[in-house]
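Structural overview
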Amino acid sequence: MRLTLPDTMATYVNKRTAHRWRLLAVMLLGVFCAFGSFWLLQLVTQSNQGAQLGARGNEPDYIVDNFSFVRMGPNGKPRYVVSGNRLTHRPVDDVSFVDKPVVQGMTVEHPRMTMTADRARILHGQNQVDLIGNVDVQRPGNATSQPLSIKTEQMTVLPDEELLKTDKPVEMKLGGAIVRGTGMLANNATQQVHLARQGQIIYPPRANR
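Residues numbered from 1 in each chain as written. Predicted model: local features only at pLDDT ≥ 70, side-chain atom pairs only at ≥ 80, totals over all residues. Heavy atoms only, no water.

- Per an unreviewed UniProt entry, the recorded name for the protein is LPS export ABC transporter periplasmic protein LptC, and the organism is Massilia agilis.

Set out below in structure tokens:
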């Protein structure tokens, strides 16, 4: 037995079914939009948290005013002393920045050097000190070497090797002589100084006898 609905009733059923499908589609679209918004919000939040963590990670973990610390050598004896007005350490790359640094060698085999500058960058992992701005190096003389003075704008110090190097113009006073050039490598252990280029030596006039 087959039941036949009047045309008006069939039209009503079809419209109601279509309405339900449209309502279901709208609800599904709303659900997808809600999940999409939630996912986007989570993504932005995680990104912001990562950026904040990265920024916080590069912030100084300690700042010390009027500091002084001693670097010890493998033999347990002090190699050099670094002091200054302020030290700011950043943990990400293990680098310290120093205002008005003073670096003093502590070796007893050779005359002790004293180095000053406007600021310094200490790379602890490489045991390297970069002096920046108005660099002044002073080494007293002794029985086998003359007093040494070096002035430049930037100097890299490798204390363990007792090496000083720069690619900037330098003015060096060795005893009574004045030496000017660009680029220098000085080895305090061997008492040797090498100028890279554009060297000029000015000797003091000889005293009249």
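1. Remarks on the overall build of the protein
- Of the regular secondary structure elements, the protein holds one helix and eleven strands.
- Written out in order from the N terminus, the α and β elements of the protein read α-β-β-β-β-β-β-β-β-β-β-β.
- The 209 residues of the protein split such that 28% are buried.
- Residue pairs in contact within the protein that sit at least 24 positions apart in sequence constitute 36% of those at least 6 positions apart.
- Of the roughly 14,400 Å² that the protein leaves accessible, carbon and sulfur atoms contribute 57%. (Helix = DSSP H or I, 4+ residues; strand = E, 2+ residues; numbered from the N terminus. Buried < 20%, exposed > 50% of the residue type's maximum accessible area, 1.4 Å probe, protein only. Contact = heavy atoms within 4.5 Å. Areas by Shrake-Rupley, 256 points an atom, 1.4 Å probe, with all protein chains shown as cover.)

2. A word on the environment of K165
- Within the fold, K165 resides in strand β9 (residues 163-174).
- Given a relative accessible area of 38%, K165 falls into the partly exposed group.
- Between the C-alpha atom of K165 and that of L185, which follows or precedes it by 20 residues, the distance is 4.5 Å.
- For K165, the contacting residues outside a window of four places in its chain are M155, T156, L158, M184 and L185.

3. What about the pairing of strand β8 (residues 148-158)?
- The element β8 is largely enclosed, with a buried count of eight among its eleven residues.
- Sheet analysis places strand β7 (residues 128-139) next to β8, joined by nine bridges and oriented antiparallel. Residue pairing across strands places I132 opposite Q154, the latter belonging to β8. (Pairing = 2+ DSSP bridges.)

4. A closer look at the pairing of strand β4 (residues 102-105)
- Taking every second residue as pointing to the same face, the buried face of β4 carries V103 and G105, while none of V102 and Q104 on the other face is buried.
- Bridge count between strand β2 (residues 78-90) and β4: four bridges; the pairing is antiparallel. In the strand pairing of β4, Y80 is matched with G105.
- Note: β4 against strand β5 (residues 114-116), three bridges, orientation antiparallel. Paired with Q104 across the bridge in β5 is T114.

5. A short note on the confidence of the model for the protein
- Confidence in the prediction for the protein averages 76 pLDDT; 67% of positions are at 70 or higher.
- Note on residues 1-5: pLDDT is under 50 here. Beyond four places in sequence and across chains, it has one contact.
- The low-confidence segment residues 7-13 (pLDDT under 50) makes one contact with residues lying over four places distant or belonging to another chain. (pLDDT = per-residue confidence, 0-100.)

6. Observations regarding the nonpolar core
- Counting residues in hydrophobic clusters, the biggest one holds 25 residues, and the most contacted among them are M115, L131, V137, M155 and L164.
- Every element with two or more residues in this core is listed here: β2, β6 (119-123), β7, β8, β9 and β10 (177-187).
- Residue contacts for L131: discarding those within four places in its chain leaves P101, V103, M115, A117, R119, A120, E153, Q154, M155 and V157. (Core = buried A, V, L, I, M, F, W, Y, C linked by side-chain atoms within 4.5 Å.)

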